Each structure stands twice: as structure tokens, then as C-alpha cells.
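Geometric and topological summary
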Amino acid sequence: MTVEAHAKINLTLEVLGTRPDGYHELRSVVAPIPLHDDVTFADAEDGVVAVEGCDGVPAEKNLAYRAARLLQDATGCRKGVRIAIAKRIPMGAGLGGGSADAAAVLTGLNRFWNLGLSADRLMALGAEIGSDVPALVHGGMVLMEGRGEKVTACADYPTPAWEKLVVYTPPVFSSTARVYGDFRDADRGAGKNDLQPAACRLYPEIRDALAKLEAEGCRDVMMSGSGSTVFGWRA
Ligand code: C5P
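Right, let's walk through the structure included here. (Residues numbered from 1 in each chain as written. Predicted model: local features only at pLDDT ≥ 70, side-chain atom pairs only at ≥ 80, totals over all residues. Heavy atoms only, no water.)

1. Considering the site of the ligand
For clarity, the threshold we go by: If even one non-hydrogen atom of a residue comes within 4 Å of a molecule or strand, that residue is called near it. In protein, a polar contact requires one atom able to donate a hydrogen and another able to accept it; more generally it is a pair of N or O atoms within 3.5 Å, and residues adjacent in sequence count only if both atoms are side-chain atoms. Reported accessibility uses the Shrake-Rupley method at a 1.4 Å probe radius. Residues are deemed covered only where the shown protein chains occlude them. Only DSSP runs of H or I covering at least 4 residues are called helices, and only runs of E covering at least 2 are called strands; the numbering of each starts at the N terminus. As a working rule, the residues Ala, Val, Leu, Ile, Met, Phe, Trp, Tyr, Cys and Pro are called nonpolar, Asp, Glu, Lys and Arg charged, and the rest polar, with Gly in that last group. Domain segmentation is taken from an automatic or database assignment of domains.
All residues in the neighbourhood of the ligand are listed as Y23, H24, L26, G130, S131, R147, T176, A177 and Y180. At 2.6 Å from an oxygen atom of the ligand is found a side-chain nitrogen or oxygen belonging to S131. R147 places a polar main-chain atom, nitrogen or oxygen, 3.1 Å from a nitrogen atom of the ligand. Its free accessible area being 450 Å², the ligand has 73% of it covered by the protein chains. Of all elements in the fold, only β2 (24-44) and α5 (176-182) reach the threshold of two or more residues within the shell around the ligand. Among the elements that take part in the shell around the ligand, α5 stands out by supplying 3 residues, more than any other. When the residues that make up the shell around the ligand are grouped by side-chain class, the tally is 4 nonpolar, 4 polar and 1 charged. Mapped onto the domain boundaries, the shell around the ligand takes at least three residues apiece from domain 1 (2-153) and domain 2 (162-233).

Okay, structure coming up:
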């Protein structure tokens, strides 16, 4: 069985404050884009979780692996699985690549192992893996709040002209923790993504990428998530 794990972009991202747990309080409109990984599930011996296709990422740091183990722990399911990921979404790009794979493992294995968990339960498990995972388990265009665990379908945000979307990922890995760590109150409200000033201070390649899309005539050019991807809309 194969499922698509779609990348996301953040159409808005407001950092509302810091939380006692060290994370930041967010409000962000998140939408899936066509770019996706393919996540394939095959039978394996009982208890085994094997993940292929994420070279260089150790198992305990691999979000897809953690999602499968979390499902076993939460349900007591002892079945095994071999997960193959055909990776296309770049890492450190603000496109939610690792989170999309984890979300696909939660929803896909729920069916593959016949676990019968509700979408709400899968989103709650996703929140234990990463801040973007609940939104990607939900799917579609959503409003993400809290640390990322509060997700609602986004009814009142205008539907973007998707056919005009231009996405560019400069060749730099942006560390989410570093970008949040460099965030300052004065960064708020300069554009539609409050993390953009910090990311541009840390990674000049992102500033250059924004300028490149603007020079090409794109409108409403901005960064996705904590970068490094930038996007805009053809006139
Ligand atoms: O949840 P996730 O593992 O994706 O977060 C990566 C890092 O991003 C965290 O360690 C934290 O530094 C930062 N973060 C944050 N507030 C959020 C989400 C992420 O500070 N709401």
C-alpha cells in the first residue's frame, strides 16, 4: 500500500509569544502543495519497524520510524512493517517534509494495521512527534494554533490562485530551532511570516532567494515555515 505525503507551505505565520515549555505560541494558515514523498507499507515480522529511503537519518531521529513505534505503543499492536520512502521533499526547507512522512505513517498504518483510530487521536499522537504533524494528519488548508496541536479546517481564508504559485528552495539547510531561537519581538508584523527576518539574518541565501522571486515579477513573495523555501505568485 502506498500513500502520498504532501509538503506544505505556510500562507501566514504569526508568532504570538513564548510558552512555559520553551516553544512558541503560533497562528498559521497551512496548505498542502503538489510536491510529495511516496510512503509504501509492506508486511514485516511481528514487532519489526524498518524504514528505508531516508539515508543518513538515524532511526530514533526519523519521524516516520517514531510515528510507527508510537502507534505500536499507543495501541499494543505487535504487527511489523517495512516502510519505504521515495523522498522528494527537501529537508531543512520549511516544507514539513519529515512531518509529512510521519503524518502519512500515522494515517497509512492506521489502515494497514486496521487500528481504527479516529482522526483526532491520530492528530494527538502526531503532536507528540512534531509541531507540524497534526496539521498534516488533518490535511487540506488548515489554521494551526498553539504549538501546532490545535488544528481547524480553514473556511474563511481566501483560496489562493494555486496555478500561479512559484516555489523556490535555495540550497541551504535552515535549522528550525535556530530560527526560533533568533526570533525577536520586533520581527513581528513586518510581513506575513514573523520568522522571516530571523531566517534572513541567519541565512543570507534566503534573503537572496526572496529578492530573486521578486525580480522575476512574483507577487506577495514570502518564506514558508522557518525556511529555507520561499514562494510567490505569478502576476
Ligand atoms: O516541534 P518541532 O520538533 O518541529 O520543533 C522544532 C523546534 O522548533 C523546536 O525545538 C523549537 O525550538 C521550535 N519551535 C518553537 N515553537 C513551535 C514549534 C517549533 O519554538 N510552536
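2. Describing the sheet that holds strand β9 (residues 230-233)
The strands that make up a sheet are held in pairs by hydrogen bonds between backbone atoms, and each pair lies either parallel or antiparallel. Short version of the rule: The rule for pairing is simple: two strands pair if DSSP sees at least two bridges between them. Axes here refer to lines fitted to C-alpha atoms; in helices the fit is confined to the stretch in contact. Angles between the N-to-C directions go from 0 to 180 degrees.
In spatial order, the strands read β7-β9-β8; together these 3 strands make up an open sheet with antiparallel pairing. What marks the edges here is a single partner per strand, and that holds for β7 (165-168) and β8 (219-223). Between one strand axis and the next, the sheet turns through 15° on average, direction left out of account. When β7 meets β9, the two strands line up antiparallel, connected through 4 bridges. Looking at β9, one finds that Y168 is bridged to V230.

3. Some thoughts on the packing of aromatic side chains
Between two aromatic rings, the relevant description is the distance of the centres plus the angle of the planes. Here is the rule: A pair of aromatic rings is counted whenever rings of Phe, Tyr or Trp (Trp by its six-membered ring) have centres within 6.5 Å, and the orientation is called stacked for planes under 30 degrees apart, edge-to-face for over 60 and tilted otherwise. Working definition: with a 1.4 Å probe on protein chains only, accessible area under 20% of the residue-type maximum means buried, over 50% means exposed, and in between means partly exposed. The rule is short: NZ of Lys or CZ of Arg within 6 Å of the ring centre and within 35 degrees of the ring normal puts a charge over the ring.
A full pass over the atoms with the stated rule returns 3 aromatic pairs. Measuring from centroid to centroid gives 5.8 Å for W162 and W233, while their planes differ by 55°, and the two rings are tilted. Of this pair, W162 sits in the loop between β6 (150-153) and β7 while W233 sits in strand β9, and the two are 71 residues apart along the sequence. Residue classification places W162 among the partly exposed residues on the basis of a relative accessible area of 31%. Look at F231 and W233: their rings are 6.3 Å apart centre to centre, the planes differ by 90°, and that puts the pair in the edge-to-face class. The exposure classification of F231 matches that of W233, with both residues buried. Chaining the aromatic ring pairs together yields one cluster made of W162, F231 and W233. Looking at R147, its charged tip hangs above the ring of Y23, at a distance of 4.3 Å from the centre. Positioned above the aromatic ring of Y168 is the side chain of K212, whose terminal nitrogen or guanidinium carbon lies 5.3 Å from the ring centre.

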